[in-house]
Amino acid sequence: MKKESPLWSSISLLIGIVIAILALIRGRMLLPLLLAVFALWLLWWLLTQALPLWRNNRAYRAKEARLREQTAAANGGGQLADALLCHVNYRITAMLHAAYPNARWEWLADKPSRFAVEGGTARIRVYGIPDFDYADVKLDQKANLDCSLVKLSPLVAGATDTQPPNRQPVNPRVWFETRGRAVLEALVTDLNSRGHSSLTVQENGEVFVQAKENEAEPAKETFLDFPEKVYWPQLVKVLEEEGYAADARDADILVSW
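The present account deals with the structure reproduced in this document. (Residues numbered from 1 in each chain as written. Predicted model: local features only at pLDDT ≥ 70, side-chain atom pairs only at ≥ 80, totals over all residues. Heavy atoms only, no water.)

## As for the overall build of the protein
Helix and strand content of the protein: five helices and nine strands. Mapped in sequence order, the helices and strands of the protein form the string α-α-β-α-β-β-β-α-β-β-β-α-β-β. Sorting the 257 residues of the protein into buried and exposed places 27% on the buried side. Contacts spanning at least 24 positions in sequence make up 44% of the contacts within the protein whose residues lie at least 6 apart. As displayed, the protein has an accessible area near 17,800 Å², and 57% of this comes from carbon and sulfur atoms. (Helix = DSSP H or I, 4+ residues; strand = E, 2+ residues; numbered from the N terminus. Buried < 20%, exposed > 50% of the residue type's maximum accessible area, 1.4 Å probe, protein only. Contact = heavy atoms within 4.5 Å. Areas by Shrake-Rupley, 256 points an atom, 1.4 Å probe, with all protein chains shown as cover.)

This is the structure we're talking about:
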């Protein structure tokens, strides 16, 4: 048997009460009594039917609005992360192509979009770069990007190697594009504005400029991971290709512009 709703039950009860009043009551008390019955029924309907329904609809609308906001925020954050990742991808590709025009690469990180937003260090697999299989990409909070090529070699028991531990072969062109160019251009701009036309770079990457006759003073900038002397002839060629005059001497490299 189908269960009747409380509203229809109350209407049936109201009709029965009204009929009873009309049959039993006469005179002045009829109208006030009918009005009182209708007022009580209307108050019951507001408290038990209309108000809870309005509250439920309001709560539902508020919940739906929160869900829409959360969905919009999630979609917006995902789109922003994808846009940042695309920008980082282009920067990595440009950095690799500057030294290896045919280089290709792919992410090894599980969530590269998170790396693009939060920064840190992530590894990529590179192709078309002789002697190198991987690269470590570093992105700091200032959006500075650095790419270091990595070569993995198997560990052979009893093997001897005259190369220092953890020392990888250095490609001067790659070093210049990833480490040296930005520092050198900033130095040249600053020094040229103050009347200097040359600088010297020591083996440890420290930069000196001529202050007075036979005297040199250290510059503010320093080259990180400056190539060892064995790579200086190649580095001189790279600098000359970039429009600088360079000379590899016993203890330093003289760079003029």
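## Digging into the side chain of Thr178
Position of Thr178 relative to the elements: it lies in helix H4 (residues 172–193). Among the residues examined, Thr178 registers a relative accessible area of 17% and is labelled buried. A polar side-chain atom of Thr178 sits 2.8 Å from the main-chain carbonyl oxygen of Val174. Non-local contacts of Thr178, meaning those with residues more than four positions away in its chain, are made with Met95, Asp146 and Cys147. (Polar contact = N/O pair within 3.5 Å; in protein donor to acceptor, adjacent residues only side chain to side chain.)

## So, the pattern of salt bridges
When the charged atoms of two side chains lie near each other, side chains of opposite charge can form a pair. The tally for this structure, following the rule as stated, stands at 12 salt bridges. Of the charged contacts in the structure, one is a salt bridge between Arg181 and Glu177, with a shortest N-O distance of 2.8 Å. Placement of both Arg181 and Glu177 in helix H4 is noted, with a separation of four residues, approximately one turn of the helix. Salt-bridge contacts for Arg179 lead to Asp225; the nearest nitrogen and oxygen are separated by 3.0 Å. Of this pair, Arg179 sits in helix H4 while Asp225 sits in the loop between strand S7 (215–222) and helix H5 (232–241); the two residues are 46 residues apart in sequence, bridging distant segments of the chain. Classification of Asp225 as exposed rests on a relative accessible area of 54%. One network of salt bridges, in which partners are shared, links Arg173, Glu177, Arg181, Glu185, Glu241 and Glu242. (Salt bridge = Lys/Arg side-chain N within 4 Å of Asp/Glu carboxyl O.)

## What about the pairing of strand S2 (residues 120–127)?
Two strands pair when backbone bridges link them, and strand S1 (residues 104–107) and S2 are joined in this way by four bridges, in the antiparallel orientation. Bridge pairing links Arg104 to Tyr127 in S2. In terms of strand pairing, S2 meets strand S3 (residues 134–139) through six bridges, oriented antiparallel. Looking at S3, one finds that Arg125 is bridged to Tyr134. Where S2 hands over to S3, the hairpin turn is made up of six residues, of which Gly128 adopts a positive phi near 80°. (Pairing = 2+ DSSP bridges.)

## Side note on H4
Taking 1.5 Å as the rise per residue, H4 with 22 residues should run 32 Å; its terminal C-alpha atoms sit only 28 Å apart, a clear shortfall. At Gly180, H4 shows its strongest bend, of approximately 60°. Looking at where H4 begins, the residue whose side-chain oxygen comes 3.0 Å from the main-chain nitrogen of Arg173 is Asn171. (Expected span 1.5 Å × (residues − 1). Bend = angle between axes of the 7 residues up to and from the residue.)

## Some points on the packing of aromatic side chains
For the coordinates displayed, the defined rule picks out six aromatic pairs. Judged by centre distance (5.7 Å) and plane angle (50°), the rings of Trp175 and Phe223 are tilted. With a gap of 48 residues between them, Trp175 in helix H4 and Phe223 in the loop between S7 and H5 connect regions that are remote in the sequence. Trp175 sits in the buried class, given a relative accessible area of 7%. Through a chain of ring-to-ring contacts, the aromatic side chains of Trp175, Phe223, Phe226 and Trp232 assemble into a single cluster. The ring of Tyr134 has Arg125 lying over it, and the distance from NZ or CZ to the ring centre is 5.2 Å. (Phe/Tyr/Trp six-rings, centres within 6.5 Å; stacked < 30°, edge-to-face > 60°. Lys NZ or Arg CZ within 6 Å of the ring centre and 35° of its normal.)

## Section: unusual backbone geometry
A positive phi angle, close to 70°, is found at Ala143, a residue other than glycine. Exposure remark for Ala143: the relative accessible area of 40% places this residue in the partly exposed category. You will see that Asp225, though not glycine, has its phi angle at about 55°, which is positive.

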